[in-house]
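So you can see what is in the structure, the chains are spelled out below.
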Amino acid sequence: MAELLIGQTLRFEGNPTTEGPGAARHSARGGVLIEGGRIAAVGEADDLRRAHPDARVTDHGDALISAGFIDAHVHYPQTAMIASWGKRLIDWLNSYTFPEEMRFADPAYAAAIAKTYFNLTLANGTTTVCSYCTIHPESVEAFFAEAERRGVRAYAGKTCMDRNAPEGLRDTPQSAYDDSRHLRDRWHGVGRLNYVVTPRFSPTSTEAQLEAMGALWSESPGCLMQTHLSEQTDEVAWVRSLFPDARDYLDTYERFGLVGPGALFGHAIYLEPREHARLKEADASLIHCPTSNTFIGSGLFDMDGMTRGGYRVGLATDTGGGSSFSMLRTMAAAYEVAQLRHRALHPAELWWLATQGSARALRADDRIGNLAPGMEADIVVIDLASTPAIAQRAARARDIWEAVFPTIMMGDDRAVKAVLVGGRPA
Ligand code: GUN
Ligand code: ZN
């Protein structure tokens, strides 16, 4: 039976980062018709009611109906050590991250964290994530099994590392290739699940392992590849010392076939002109992780330059280098980081980045991240007056953007009134 959601609706007919806020479409009394897990129609509530008198109606009043949020770069195994104090990237990895990731050799522990992780992200209105796992195949099994159980569209891969990581957290070029290929064959394309080839970053992979990852990716049509790029200055210097022959950081991936359409590069803060040009030419995706970049003290991503340059940019929490599971909080941090670079991102741009922008970065914008006929019905319903502080500010709003912005800046999971995954309550 068809279901009709009624409320304020927000969708996109274009990209507001390049076309301006006019690319967004708001309806004060809109409707979204859902049939068979997909969006069948979007329009004015009264028109849809008349055209579909048999549909079951859920009226969300003044709440805002949007595509669910898409978090394009996370580490689900870092759920339990989020908000760990006082370190920068390399020390943070060694002190907090690697010891925690060691625990994922235990399938029961991996399953428990995967469950907690999806509880947290869905409570925050995030309906798709793209996650790193750990070196353990068990961690990938746990993630995909939980995602499958919940019916979410999800992306993940076995994190590969064969050097500069502790004993117990290293694989080899051959085992990384074999395990990743096996997991790809087991999970890619099962329901809404997608395998992602995942070398962690070039400091923790030998050239032989990067070569094996490049080979695997070339044999994996339709799979994305994810890694980290130029997050901190110390890291960039370390890469230079580990790869003295490379032209730059990106080249450590490029020479092994890891740069191309469908490659996702997390952070990408300190880029040389050649790297800029190559990323653009390759149409690779850059994933902005603003709460992580401030929390670990990495730096200020050049959102203005990237969007004006026409790069494919997604938005992400980078849990647990990032300090929040919330894409609302992440939009707020993106706003603040851009402000520090003298560019005020419009609420339409922020909302687009957290939905269509991330979907486009994952090359799934024809399926998720927007309210449009044919799209998968992954939907979030947002209360725009979820706390007294937000309510009093939103009460003065003169348009939809003034009503939405206080929730972007001050909202959290209390603003999430309902979440639908494939048309069903999450
Ligand atoms: N670079 C390599 N691994 C990681 C990680 O787990 N988190 C972040 N923020 N950066 C990384
Ligand atoms: Zn990361």
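Along each chain, numbering runs from 1 in the same order as the chain's sequence is written. Ligands are numbered from 1 and chains lettered from A, in the order in which they are written. Totals for whole chains, interfaces and linings use all residues, but because this is a predicted model, local features are given only for residues with pLDDT of at least 70 and pairs of side-chain atoms are given and counted only at 80 or more. To obtain the side-chain values, all non-hydrogen atoms of the structure were included, while hydrogens and water were left out.

Going by what an unreviewed UniProt entry lists, the chain is known as Guanine deaminase and is assigned to Albidovulum sediminis. UniProt positions are given in the numbering used here, feature names are shortened, and annotations may be inferred rather than shown by experiment. Recorded in UniProt under Catalytic activity (unreviewed entry), the annotation for the chain is "guanine + H2O + H(+) = xanthine + NH4(+)". Turning to the chain, the UniProt record has this under Sequence similarities (unreviewed entry): "Belongs to the metallo-dependent hydrolases superfamily. ATZ/TRZ family."

(A) Spotlight on the state of the cysteines. The disulfide criterion is simple: two cysteine sulfur atoms within 2.5 Å. The final tally for this structure, using the stated rule, is zero disulfides. Between Cys130, a cysteine without a disulfide, and Cys133, which holds the nearest cysteine sulfur, the sulfur-to-sulfur distance is 9.6 Å. Here Cys289 stays unpaired: no disulfide links it, and the sulfur of Cys130, its closest cysteine neighbor, is 11 Å away. By relative accessible area, which is 0% here, Cys289 ends up buried. Partly exposed residues are those whose accessible area sits between 20% and 50% of the maximum for their type, while under 20% is buried and over 50% is exposed, using a 1.4 Å probe and protein chains only.

(B) The arrangement of the pairing of strand S4 (residues 56-67) in detail. At least two DSSP bridges between two strands are required for those strands to pair. Numbering of helices and strands runs from the N terminus, with a helix taken as a DSSP run of H or I at least four residues long and a strand as a DSSP run of E at least two residues long. By the bridge criterion, six bridges tie strand S1 (residues 3-12) to S4 in an arrangement that is parallel. Considered in S4, the bridge of Leu4 is made with Val57.

(C) Inspection of the pattern of salt bridges at higher detail. What counts as a salt bridge is simple: a side-chain nitrogen of Lys or Arg found within 4 Å of a carboxyl oxygen of Asp or Glu. This structure, assessed with the given rule, holds 30 salt bridges. For Arg192, the salt bridge is made with Asp378, and the minimal N-O distance between the two is 2.7 Å. Placement of Arg192 in the loop between helix H6 (173-187) and strand S9 (193-199) and of Asp378 in the loop between helix H14 (347-361) and strand S14 (379-382) is noted, with a sequence separation of 186 residues between them. Grouping residues by exposure puts Arg192 and Asp378 together as buried. A cluster of three or more residues bridged by salt bridges with shared partners is formed by Arg247, Asp248, Asp251, Glu254, Arg255, Arg274, Arg278 and Glu281.

(D) Main features of the sheet that holds strand S15 (residues 416-421). Here we have seven strands laid out as an open sheet, ordered S3-S2-S1-S4-S14-S15-S16, and mixed in their pairing. For this open sheet the edge positions go to strand S3 (38-44) and strand S16 (424-425), each flanked by a neighbour on one side alone. Pairing of strand S2 (residues 24-35) with S3 involves six bridges; the strand directions are antiparallel. When the bridges of S3 are listed, Leu33 appears paired with Ala41. Any two residues having at least one pair of non-hydrogen atoms within 4.5 Å are treated as being in contact. Convention adopted: a line fitted to C-alpha atoms gives each axis, helices being fitted over their contacting stretch, and angles between N-to-C directions are expressed from 0 to 180 degrees. Along the sheet, H14 contacts S1, S2, S4 and S14; its crossing angle with S1, the most-contacted strand, is approximately 115 degrees.

(E) Just empty space enclosed by the protein, in detail. Cavity and pocket criteria rest on a 1 Å grid covering protein atoms alone: a 1.4 Å probe that fits but cannot get out defines a cavity, protein on both sides within 12 Å along at least 5 of 7 lines defines an open pocket, and an atom within 4 Å of a point defines a lining residue. Grid points are joined across faces, edges and corners, and a volume is the space filled by probe spheres set on the points. The final tally for this structure, using the stated rule, is three cavities of 30 Å³ or more. Considering only enclosed or pocket space, the largest cavity measures out at about 100 Å³ in volume. As for the largest cavity, its lining consists of His75, Gln78, Leu89, Trp92, Leu93, Arg200, Phe201, His228, Glu231, His267 and Asp318. When residues in the lining of the largest cavity are grouped by element, the largest group, three residues, is from helix H3 (residues 89-102). In this classification, Asp, Glu, Lys and Arg are treated as charged, Ala, Val, Leu, Ile, Met, Phe, Trp, Tyr, Cys and Pro as nonpolar, and every other residue, Gly included, as polar. Classifying every residue of the lining of the largest cavity by side-chain character gives four nonpolar, four polar and three charged. Its boundaries defined by the atoms lining it, the second largest cavity holds a volume of some 40 Å³. Taken together, Phe118, Thr121, Leu122, Thr126, Thr127, Thr128, Val129, Val152, Arg153 and Ala154 make up the full set of residues lining the second largest cavity. Counting only elements with at least two residues in the lining of the second largest cavity, the list comes to helix H4 (107-123) and strand S6 (126-132). Looking at the lining of the second largest cavity element by element, the count peaks at four residues for S6. Taken together, the residues that form the lining of the second largest cavity break down as five nonpolar, four polar and one charged.

(F) Representation of helix H10 (residues 273-282) in the model. Buried within H10 are the following residues: Glu275, Leu279 and Ala282. Buried residues along H10 cover an arc of 70 degrees about the axis, so they all sit on one side. Those residues of H10 that are exposed and aimed more than 90 degrees away from the buried face are Pro273 and Glu281. Close packing links the buried residues of H10 with strand S10 (224-229), helix H9 (249-254), strand S11 (263-267) and strand S12 (285-288). Directions from the helix axis toward the C-beta atoms define the arc.

(G) Expanded view of the site of ligand 1. Close to ligand 1 lie 13 residues, the nearest being His75, Gln78, Arg200, Glu231 and Asp318. Here a polar contact is taken to be a pair of N or O atoms separated by no more than 3.5 Å, where protein atoms must pair a possible hydrogen donor with a possible acceptor and residues adjacent in sequence count only if both atoms sit in side chains. Between ligand 1 and Gln78 there is a distance of 2.9 Å, counted from an oxygen atom to a side-chain nitrogen or oxygen. Method for areas: the Shrake-Rupley scheme with a 1.4 Å probe, in which residue coverage is limited to the protein chains shown. Contact with the protein chains hides 100% of the accessible area of ligand 1, taken as 280 Å² for the molecule alone. Counting atoms within 2 Å of the grid points, the majority share of ligand 1 lands in the largest cavity. Top contributing element to the shell around ligand 1 by residue count: H3, with three residues. Grouping the constituent residues of the shell around ligand 1 by class yields five nonpolar, five polar and three charged. For this purpose, a residue is taken to be near a molecule or strand whenever a single non-hydrogen atom of the residue falls within 4 Å of it. Assignment of a molecule to a cavity or pocket requires that more than half of its atoms lie within 2 Å of the corresponding grid points.

(H) Representation of the packing of aromatic side chains. The rule is short: rings of Phe, Tyr and Trp, with Trp giving its six-membered ring, pair when the centres are within 6.5 Å, and they are stacked under 30 degrees, edge-to-face over 60, tilted in between. With the rule as written, the count across this model stands at 13 aromatic pairs. The interplanar angle of 50 degrees and the centroid separation of 6.3 Å between the aromatic rings of Tyr76 and Tyr117 together place this pair among those described as tilted. Of this pair, Tyr76 sits in the loop between strand S5 (69-75) and H3 while Tyr117 sits in helix H4, placing them 41 residues apart in sequence. Both residues of the pair, Tyr76 and Tyr117, count as buried. Clustering of aromatic rings is evident, with ring pairs tying together Tyr76, Phe104, Tyr109, Tyr117, Phe118, Phe143, Phe144, Trp187 and Phe325. Any Lys NZ or Arg CZ that is within 6 Å of a ring centre and within 35 degrees of that ring's normal is treated as a charge sitting over the ring. The ring centre of Trp187 lies 3.9 Å from the NZ or CZ of Arg186, which sits over that ring. If you follow Lys280 out to its NZ or CZ, it ends over the ring of Tyr311, 5.9 Å from the centre.

(I) Quick peek at the side chain of Thr355. Within the secondary structure, Thr355 sits in helix H14. In this structure Thr355 comes out as buried when scored by relative accessible area, which is 1%. Residues in contact with Thr355, not counting those within four places in the same chain, are Phe12, Ser66, Ala67, Gly68, Phe69, Ile70 and Gly369.

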